[in-house]
Amino acid sequence: MSKELIRLKDVTQVFDGETVLKDVNIYFNDSEFLTLLGPSGCGKTTMLRIIGGFQTPTSGDVFFDGVRINDVPPYRRQVNTVFQKYALFPHLNVYDNVAFGLRIPKEAPDGSREKIKLSKEEIDRRVREMLEVVSLKGFEHRSIASLSGGQQQRVAIARALVNRPKVLLLDEPLGALDMRLRKDMQQELKRIQQRLGITFINVTHDQEEALAMSDTVVVINEGVIQQIGTPEDIYNEPKNAFVADFIGESNIVDGIMRADRVVEIFNRRFTCLDSGFEKDEPVDVVIRPEDVDIVSEAEGQLRGVVTSVTFKGVHYDTIVDFYGFKWLIQTTDYCPVDSHIGIKIDPDGFHVMKKSKYSGMFGDYSSYSEEYDEINDPTILDEEEAEGAEDED
Ligand SMILES: Nc1ncnc2c1ncn2[C@@H]1O[C@H](COP(=O)(O)OP(=O)(O)OP(=O)(O)O)[C@@H](O)[C@H]1O
Ligand SMILES: [Mg+2]
């Protein structure tokens, strides 16, 4: 069973009158790979700096293993950080970069004035062990300048891990690497974390990276945690329109919950899996582009006209106009521009969310249009369509 290691309780950070983190409550488990995900400026680095002890929050508390550590300085926390600009010592070789932290005498845990100094043998053992963990065995004597970006990043990780922290903080560690190397290093980081069994708290604004690497993803916007969950939760059950839009591509439309498991969009009722809303509660409905099946017009639950098709290799990005609302559909079926098509969506293709301050802000393919009022008027549906709508119950 994983146990709680770090907790932020009601943490608020204000800089120059601006609230950068607002009432943050979150815990981080032992041996967990957790990613803080959010757009630039949302407060990710600030949260890491608070955990690392480089920043004291304006209000709220930080706990480590149940003990309040607000006033504990960084070097006495069992936490190490890999910064985006990883600042290796250019004049030292790989070995000495990694060994650097071990050669500094440490305060004894009991706070006595006697400092702990590791033996040469112990330092050597630890450095070699860490270089092996990050797959840099044999690179001991190489100069930093002779290493690739990915190799330098590995040195930075080894240097941060060699002190055996319980938590490793990673602030966009892969940001400087090119796409291919990024993907390799994602796998590598995950492997290192699993092998060492310690907690990694990673920061990124790349949603794919967050989904690929993490046990837990924390989505943040404007200093407020929007959702915490597994990658699957975050993708499949976004809490609000911000999360739905930020994680993957989505069609976000206005809907009304008519009853448990009955959602109405475009004046038609569909079976969904969501329940627990008020009767007739206005909601946001997310439909992922890959959850829409294109069928013949006659078979369709909704009908529309294809306005653009882009070949993407695995699928076609097909934009379909439904009564003035543009949806993105990803399909392996080729439907040329101007074709009239029908679509079908299975009950698990609807993700119903509470209205939030983000409602109506996102969804390039579902934005408000003049036709909105028309489709809200049932009289514009022809009789056959109206009957179809009744059948959806
Ligand atoms: N020491 C500081 N003094 C004043 N403002 C600060 C300070 N540190 C951060 N900020 C502000 O706080 C906000 C959040 O910054 P932060 O660095 O946490 O964002 P971020 O999510 O890490 O963004 P990015 O993805 O661009 O790195 C920003 O508006 C930033 O300008
Ligand atoms: Mg940052």
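Everything discussed here concerns the structure shown above.
Given the structure is predicted, the values throughout are model-derived calculations rather than measurements.

**Q** Describe in detail the pairing of strand β19 (residues 316–322), supporting the description with residues and values.
**A** As paired elements, strand β18 (residues 302–311) and β19 share six bridges and run antiparallel to each other. Following the sheet pairing, Val-309 is matched in β19 by Thr-318. Once β18 ends, the chain turns through four residues before running back antiparallel as β19, passing Gly-313 with a positive phi of about 95 degrees. With seven bridges connecting them, β19 and strand β20 (residues 325–331) associate as antiparallel partners. Considered in β20, the bridge of Tyr-316 is made with Thr-331. Turn length for the β19-β20 hairpin, with the two strands adjacent in sequence and antiparallel, is two residues, and the turn residue Tyr-323 shows positive phi of about 50 degrees.

**Q** Quick rundown of the site of ligand 1? Include the residues and the values.
**A** Every residue close to ligand 1 is listed here: Phe-15, Asp-16, Val-20, Gly-38, Ser-40, Gly-41, Cys-42, Gly-43, Lys-44, Thr-45, Thr-46 and His-205. Top contributing element to the shell around ligand 1 by residue count: helix α1 (residues 44–52), with three residues. A class-by-class count of the residues in the shell around ligand 1 yields three nonpolar, seven polar and two charged.

**Q** Please provide a residue-by-residue account of unusual backbone geometry, values included.
**A** With a phi angle near 45 degrees, Glu-222 is a residue other than glycine that sits in the positive phi range. With respect to the helices and strands, Glu-222 occurs in the loop between β11 (216–221) and β12 (224–229). A positive phi angle, close to 65 degrees, is found at Asp-280, a residue other than glycine. Mapped onto the elements of the fold, Asp-280 is located in the loop between β15 (268–271) and β16 (281–287). Residue Asp-280 is classed as exposed on the basis of its C-beta count, with 10 C-beta atoms lying within 10 Å.

**Q** Go over the pairing of strand β10 (residues 199–204), please, and point to the residues and values.
**A** In terms of burial, β10 is largely enclosed, as six of its six residues are buried. By the alternation rule, side chains of β10 split into Thr-199, Ile-201 and Val-203 and Phe-200, Asn-202 and Thr-204, which are all buried. Relative to β10, strand β3 (residues 33–37) runs parallel, the two sharing five bridges. Along β10, the bridge assignment pairs Leu-37 with Thr-204. One ladder, built from five bridges, connects strand β9 (residues 167–171) with β10; its direction is parallel. What sits directly across from Val-167, in β10, is Thr-199. Tracing the backbone out of β9, into helix α5 (residues 179–196) and back to the parallel element β10 gives a crossover that is right-handed.

**Q** So what's going on with the sheet that holds strand β1 (residues 4–15)? Residues and values would help.
**A** With antiparallel pairing, the four strands of this open sheet are ordered in space as β2-β1-β4-β5. The sheet is open, and its two edges are formed by β2 (18–29) and β5 (67–68), each paired on a single side. By the bridge criterion, eight bridges tie β1 to β2 in an arrangement that is antiparallel. Bridged to Val-11 within β2 is Val-24.

**Q** Explain the packing of helix α2 (residues 94–103) against helix α4 (residues 149–161) residue by residue, including any values.
**A** Where α2 meets α4, the closest approach of the two axes is 7 Å, and the angle between their N-to-C directions is 30 degrees. One element, α2, and the other, α4, form an angle in the roughly parallel class. Note that α2 runs across α4; the crossing there is right-handed. Side by side, α2 and α4 meet where Val-94, Asn-97, Val-98, Phe-100 and Gly-101 of the first sit next to Val-155, Ala-158 and Arg-159 of the second. Tallied by class, residues from the contact of α2 with α4 come to five nonpolar, two polar and one charged.

**Q** Got a sec to walk through the packing of α4 against α5? Specific residues and values, please.
**A** Axis separation between α4 and α5 bottoms out at 11 Å; the angle between their running directions is 20 degrees. By the criterion of interaxial angle, the relationship of α4 to α5 is roughly parallel. Read as a crossing pair, α4 and α5 show a hand that is right-handed. Two secondary-structure elements touch here, α4 through Gly-149, Gly-150, Gln-153, Ile-157 and Leu-161 and α5 through Leu-181, Asp-184, Met-185, Ile-192 and Leu-196. By residue class, the composition of the contact of α4 with α5 is six nonpolar, three polar and one charged.

Conventions adopted
- Residues numbered from 1 in each chain as written.
- Chains lettered and ligands numbered in written order.
- Predicted model: local features only at pLDDT ≥ 70, side-chain atom pairs only at ≥ 80, totals over all residues.
- Pairing = 2+ DSSP bridges.
- Helix = DSSP H or I, 4+ residues; strand = E, 2+ residues; numbered from the N terminus.
- Near = placed C-beta within 6 Å.
- Nonpolar A, V, L, I, M, F, W, Y, C, P; charged D, E, K, R; others polar.
- Buried ≥ 20, exposed ≤ 12 C-beta atoms within 10 Å, placed from the backbone.
- Right-handed = clockwise from strand over helix to strand, strands pointing away.
- Axes fitted to C-alpha atoms, helices over the stretch in contact; angles between N-to-C directions.
- Parallel < 35°, antiparallel > 145°, perpendicular 65-115°, else oblique.
- Left-handed = near helix turned anticlockwise from the far one by under 90°.
- Contact = placed C-beta atoms within 7 Å.

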